[in-house]
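Summary of the model geometry
This is what each chain is made of:
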Amino acid sequence: MSAKFETTTLGTGCFWCTEAIFQDLKGVERVVSGYSGGTVENPTYQQVCSGTTGQAEVVQITFDPQIISLAELLYVFWRTHDPTTLNRQGADVGTQYRSAIFYHTEEQKIIAEKSKKETDASGLWPDPIVTEITPFDKFYEAEDYHQNFYRLNPHQPYCRSVIDPKVRKFRKSFQDKLINN
């Protein structure tokens, strides 16, 4: 990869939904579903789902900051999941579904904290944002069947009932940021 790319790691609950959204953005080179923020090394999906690993479902995003900045990615982040519910996104409950930003550099930490503070103050959400902002440690890539899940399984019931509505809303709200625009 070129030195011009940066990486960030974000948790918004289910990584299938998050991956589907960030894959559509101009300037995003790669989105990989996985696990971060816990104590168990090389966890399996079943272990993470148990809620005993400390790992969160996340996506690791490689992006070109000349095309899309971390601040712009975070703008999308705040608007495509509920960052006010502790350890929960919709029907998914547990620490593995927490809202989290795992920053890779001190500059990313500053950007994330500023973005969180501004979003909290904006009134976008009626409740306070509980998203954790934590230093990145390790990322464990999820099993192959989780990668590109929405693109490869568009007719799967979860994709149709949960991911489709999120992606449609996202595409409508962020038309100017989409790859195919």
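The rules behind each value
Residues numbered from 1 in each chain as written. Predicted model: local features only at pLDDT ≥ 70, side-chain atom pairs only at ≥ 80, totals over all residues. Heavy atoms only, no water. Helix = DSSP H or I, 4+ residues; strand = E, 2+ residues; numbered from the N terminus. Expected span 1.5 Å × (residues − 1). Bend = angle between axes of the 7 residues up to and from the residue. Contact = heavy atoms within 4.5 Å. Polar contact = N/O pair within 3.5 Å; in protein donor to acceptor, adjacent residues only side chain to side chain. Axes fitted to C-alpha atoms, helices over the stretch in contact; angles between N-to-C directions. Parallel < 35°, antiparallel > 145°, perpendicular 65-115°, else oblique. Left-handed = near helix turned anticlockwise from the far one by under 90°. Buried < 20%, exposed > 50% of the residue type's maximum accessible area, 1.4 Å probe, protein only. Pairing = 2+ DSSP bridges. Right-handed = clockwise from strand over helix to strand, strands pointing away.

**Things to note about helix α6 (residues 157–173)**
Its 17 residues give α6 an end-to-end C-alpha distance of 24 Å, which sits within 8% of 24 Å, the value for a rise of 1.5 Å per residue. Considering bend angle alone, the principal kink of α6 is centred on Ile 163 and spans about 45°; proline Pro 165 follows within four residues of it. On its buried side, α6 packs onto α1 (15–22), α3 (70–79) and α5 (149–152). In this structure Gln 156 caps α6, since a side-chain oxygen of it lies 2.7 Å from the backbone nitrogen of Tyr 158.

**A word on the packing of α3 against helix α4 (residues 106–122)**
Between α3 and α4, whose axes approach to 10 Å, the crossing angle comes to 40°. Judged by the angle between their axes, α3 and α4 are oblique. Considering the relative orientation of α3 and α4, their crossing is right-handed. Facing α3, whose interface residues are Leu 70, Ala 71, Leu 74, Trp 78 and Arg 79, α4 presents Gln 108, Ile 111, Ala 112, Ser 115, Lys 116 and Thr 119.

**Overview of the pairing of strand β6 (residues 99–103)**
Among the 5 residues of β6, 5 are classified as buried, and the element is accordingly described as predominantly covered. Where strand β1 (residues 6–12) lies against β6, 4 bridges are found, and the strand directions are antiparallel. Directly across from Thr 9, in β6, lies its bridge partner Phe 102. Summarising the sheet, β6 and strand β7 (residues 132–135) pair through 4 bridges and their orientation is parallel. Counterpart to Tyr 103 in the pairing with β7 is Pro 135. A crossover links β6 with its parallel partner β7, the connecting element being α4, and its sense is right-handed.

Read these as geometric descriptors, not functional statements.
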